[in-house]
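Notes for the structure review
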Amino acid sequence: MPSVWITVLAVLVCAVISGVVCFFAGVSHRKKTAEQKIGSAEEEAKRLVNDAMKTAQQKRKEALVEAKDAALQMKTEADKEIKDRRNELTRQERRLDQKEEAIDRKTAAIEQKEEDLRQRNELVEARLSEVEQIRVRQLEKLETIAGLSSEDAKQLLLSRLDEQLAHEKAMHIAAYESQTKDEAETMARELITMAIARCAADHSSEATVSVVALPSDEMKGRIIGREGRNIRALETATGVDLIIDDTPEAITLSSFDPVRREIARMTLEKLISDGRIHPARIEETVDKCRRELELTMKREGEKAVMDVGLHSIHPDIVKLLGRLRFRTSYGQNVLNHSLEVAYLSGVLAGELGLNVTQAKRAGLLHDIGKALDHEIEGSHISIGVEIAKKYKENPAVIHAIEAHHGDVEAKTPLAFIVMAADAISAARPGARRENLESYIKRLESLEEIAKSFEGVESSFAIQAGREVRIMVRPDAVDDDHLILLAHAISQKIEDELDYPGQIKVNVIRESRAVEYAK
């Protein structure tokens, strides 16, 4: 057994040794083969490098030749361009030299002309001085011959010129006023006639008193009540004075506030129809009538707004419009007057090409302040402006409200339209009542203004104050100054008086010669 293992071990050692020998023999062979390949590769690389260097040198020489050719060509072109520019500069210098020579010649000519002008100016000044001396000597001779100084002669000429110009000025003013008046009257007549014809509003005259009919005179005693309790309660609750006199079957209600007067009238009619009249019932009925009247005023305001065709008006303003239904001015119902002004303003604005809706709005609201002038201190214009501002009305509408009586200067066409429509509505025959005292005072003021001018002999207000007829002294006022006098009187009337419509100023100058044949 041991010999077998030794044999196997010997075989294995031989196998290992033969394997190692074969391995090293293979490695040596591969090394030789690799060295041969490396050597051939190095030779091939050297050959490629040499070929590349030869090719690069050839390309470099070709590039140098091309660069030299391009540089030579660029140099040739640059030389040519420089030569052309030098030639152009030479030509420009030649032209500049020619222009300088021309300018020098012109400068010399101008200097010569200036010298000539200076000499002529000296000659003219000498001649003017000589002429002035001659004129002074002639003026002295003329003053000696005429016996007047130059100032006196000047004043005489100016006075004669004033006389001539006064006649011409009067004629021009007369012609211009006549033409303007004819054109304006024709256009205004057409517009106003059309506006009035298209405006169909109802009108009524109201006063500061209301009369309530009674079924019998016995009802007066029941209204008065025991020891006057009923009438005192009624007057206290309504703020209206009850006048019970000898008028049969009637009681008069007196108050400047038309709303209170209407509440009192409604209360009396309800109490009379009900038959129960005592202080508690009176207070209850007054409250009920006040609520009914507020509802009525709201409906009246809404109806007015709908009739005019307006929208987006604040509800509080609508209520104030309804209050105008029970407000009068010189006997004219203010709501009807406002509606009429709205219609007229809309028609006039339409004919003139303006905003019709805005004109109607301004016309309807122009007297809105009269709804509260019994409760708030101030004129109805200032109150109306504050109301319009409070409820954010258009500035043009606010200005029309403020200017419709001339308290401020009208600056917009809308303001002038509302002024004209207000004057038409107020000045038409029968629109308003005017008390006798103010009527006579206006007539006297017209006559006094006319008499305040020099040369006026007498004056007469006629046609219900629509015309003032003035007689002048013929020796104090000539025909040329007649037109100027009429213009001055009319201007003073416009400045000092307030009146509806227009006033005709008629100045008359008459000379008479009377002789008797014997």
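Please read these numbers as outputs of a predicted model, since none were measured by experiment.

1. A word on the nonpolar core
- Counting residues in hydrophobic clusters, the biggest one holds 36 residues, and the most contacted among them are V305, I317, L321, L324, L364 and I387.
- Secondary-structure elements contributing two or more residues to this core are α6 (279-308), α7 (315-323), α8 (334-352), α9 (356-365), α10 (380-390), α11 (395-403) and α12 (413-427).
- The greatest single-element share of this core, amounting to six residues, is contributed by α8.
- Excluding its chain neighbours within four sequence positions, the residues that come into contact with I317 are L365, I368, I387, Y391 and E393.
- Of all hydrophobic cores here, the second largest spans 25 residues; its members include L214, I277, V286 and M297.

2. Digging into the packing of α6 against α8
- For the pair α6 and α8, the least separation of the axes is 10 Å and the interaxial angle reads 15°. As judged from the angle between their axes, α6 and α8 are roughly parallel. By crossing handedness, the relation of α6 to α8 is classed as right-handed. Here E300, A304, D307 and V308 of α6 lie close against α8, whose contacting residues are L335, L339, A342 and Y343.
- Here the contact of α6 with α8 is built from residues that sort into six nonpolar, no polar and two charged.

3. Some thoughts on the pattern of salt bridges
- Counting across every chain of the model gives 17 salt bridges.
- Residue R281 is joined to E284 by a salt bridge in which the shortest nitrogen-to-oxygen separation is 3.6 Å. With R281 and E284 both in helix α6, this residue pair falls three residues apart, about one helical turn.
- Measuring nitrogen to oxygen at the nearest pair gives 2.7 Å for the salt bridge that ties R361 to E393. Taken together, the residues R361 in helix α9 and E393 in the loop between α10 and α11 connect sequence positions 32 residues apart.
- You can call R361 buried: its relative accessible area is 14%.
- The class of E393 is buried, set by a relative accessible area of 8%.
- Shared partners join several salt bridges into a network, and the residues in it are E44, R47 and D51.

4. Comments concerning a negative patch on the surface
- A contiguous patch of negative charge on the surface is contributed by E93, D97, E100, E101 and D104.
- Looking at the secondary structure, you find E101 in helix α1 (residues 2-146).

5. Overview of the pairing of strand β7 (residues 467-472)
- Bridge analysis of strand β6 (residues 456-462) against β7 gives six bridges, and the strand direction is antiparallel. In the strand pairing of β7, I462 is matched with E467.
- The antiparallel pairing of β6 with β7 creates a hairpin that spans four residues between the two strands, and Q463 there sits at a positive phi of about 55°.
- Of the strand pairs in this sheet, β7 and strand β8 (residues 504-509) are connected by six bridges, and their pairing is parallel. Across the sheet, the residue bridging to V468 is V505, located in β8.

6. Describing empty space enclosed by the protein
- Per the counting criterion, the structure on display carries two cavities of 30 Å³ or more.
- Its volume calculated, the largest cavity comes out at about 60 Å³.
- Along its surface, the largest cavity is lined by D257, P258, V259, R323, F326, R327, K370, A371, D373, H374 and E375.
- Across the lining of the largest cavity, the residue classes break down as four nonpolar, one polar and six charged.
- Its volume calculated, the second largest cavity comes out at about 30 Å³.
- Along its surface, the second largest cavity is lined by I223, N230, L234, L268, L271, I277 and I282.
- Secondary-structure elements contributing two or more residues to the lining of the second largest cavity are α4 (229-238) and α5 (258-274).

7. Section: unusual backbone geometry
- The phi angle at E227 is positive, at roughly 55°, despite the residue not being glycine.
- Even without being a glycine, K392 presents a positive backbone phi close to 60°.
- Tracing the backbone through its elements, the reader meets K392 in the loop between α10 and α11.
- Residue class for K392 comes out exposed when judged on its relative accessible area of 71%.

Cut-offs applied
- Residues numbered from 1 in each chain as written.
- Predicted model: local features only at pLDDT ≥ 70, side-chain atom pairs only at ≥ 80, totals over all residues.
- Heavy atoms only, no water.
- Core = buried A, V, L, I, M, F, W, Y, C linked by side-chain atoms within 4.5 Å.
- Buried < 20%, exposed > 50% of the residue type's maximum accessible area, 1.4 Å probe, protein only.
- Helix = DSSP H or I, 4+ residues; strand = E, 2+ residues; numbered from the N terminus.
- Contact = heavy atoms within 4.5 Å.
- Axes fitted to C-alpha atoms, helices over the stretch in contact; angles between N-to-C directions.
- Parallel < 35°, antiparallel > 145°, perpendicular 65-115°, else oblique.
- Left-handed = near helix turned anticlockwise from the far one by under 90°.
- Nonpolar A, V, L, I, M, F, W, Y, C, P; charged D, E, K, R; others polar.
- Salt bridge = Lys/Arg side-chain N within 4 Å of Asp/Glu carboxyl O.
- Patch = residues over 30% accessible without salt bridge, like charges linked within 9 Å, V, L, I, M, F, W, Y side chains within 5 Å.
- Areas by Shrake-Rupley, 256 points an atom, 1.4 Å probe, with all protein chains shown as cover.
- Lys, Arg positive; Asp, Glu negative; His and termini not counted.
- Charge placed at Lys NZ, Arg CZ, Asp CG, Glu CD.
- Pairing = 2+ DSSP bridges.
- 1 Å grid on protein atoms, 1.4 Å probe; cavity = no way out; pocket = protein on both sides within 12 Å on 5 of 7 lines; lining within 4 Å.
- Points joined across faces, edges and corners; volume = space filled by probe spheres on them.

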